[in-house]
Amino acid sequence: IIVANMGLWWLHFQTKGRNQKGCVAETWMNYEHWLNNTLVLAEEAGASHLLFKTTNFICDDKYTNRYARANHFYRKSDEATIKECFDSIRDSASVTTSNEDILDYCHHGTINNIGSEHLNKRLFKFIDIARETTLLKLDVLNDYEIQS
């Protein structure tokens, strides 16, 4: 059995207290690629089961100080905050990374429940498709529901 869990590490409050480099943002943008690589590695290792853990529930209503302010601005998609995020990621991301992908990361890659729920939807969609093409038993430990 192989257990995989990474999503929380890629989330941000860019320019507001939890910055990520462009390469981290690009990994988030290519989450399905990461999931598929994990699946291939599990198959190659001879695993019988692959257990993906969802991205954790985040008690963002408990944030204080700078994280509370960051959460406020990102939750309302504050134009200046999103522009600062975009500029910051654009400066460090690969030239092949699209502006649309960067904006998606700025809006949905945040370290609050918006970001957590977004990654979890992508995970469940991947699992539904992957179950049709692999012999591995694929399961999900839904940490999000356990914690919420």
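The rules we used
Residues numbered from 1 in each chain as written. Predicted model: local features only at pLDDT ≥ 70, side-chain atom pairs only at ≥ 80, totals over all residues. Heavy atoms only, no water. Helix = DSSP H or I, 4+ residues; strand = E, 2+ residues; numbered from the N terminus. Buried < 20%, exposed > 50% of the residue type's maximum accessible area, 1.4 Å probe, protein only. Pairing = 2+ DSSP bridges.

Draft legend 1. Highlighting unusual backbone geometry. Phi at Thr15 is positive, roughly 65°, even though this residue is not glycine. Turning to its location among the elements, Thr15 is positioned in the loop between β1 (2-4) and α1 (22-29). Phi at Ser77 is positive, roughly 50°, even though this residue is not glycine. You can see Ser77 is positioned in the loop between α3 (65-75) and α4 (79-92).

Draft legend 2. Here's a closer look at the pairing of strand β2 (residues 49-53). Along β2, the buried face is formed by Leu50 and Phe52; none of His49, Leu51 and Lys53, which line the opposite face, is buried. As defined by bridge partners, β1 adjoins β2 across three bridges and the pair is classed as parallel. Looking across to β2, one finds that Val3 is bridged to Leu51. Summarising the sheet, β2 and strand β3 (residues 137-141) pair through five bridges and their orientation is parallel. Each bridged residue has a counterpart across the sheet, and for Lys53 the counterpart in β3 is Leu141.

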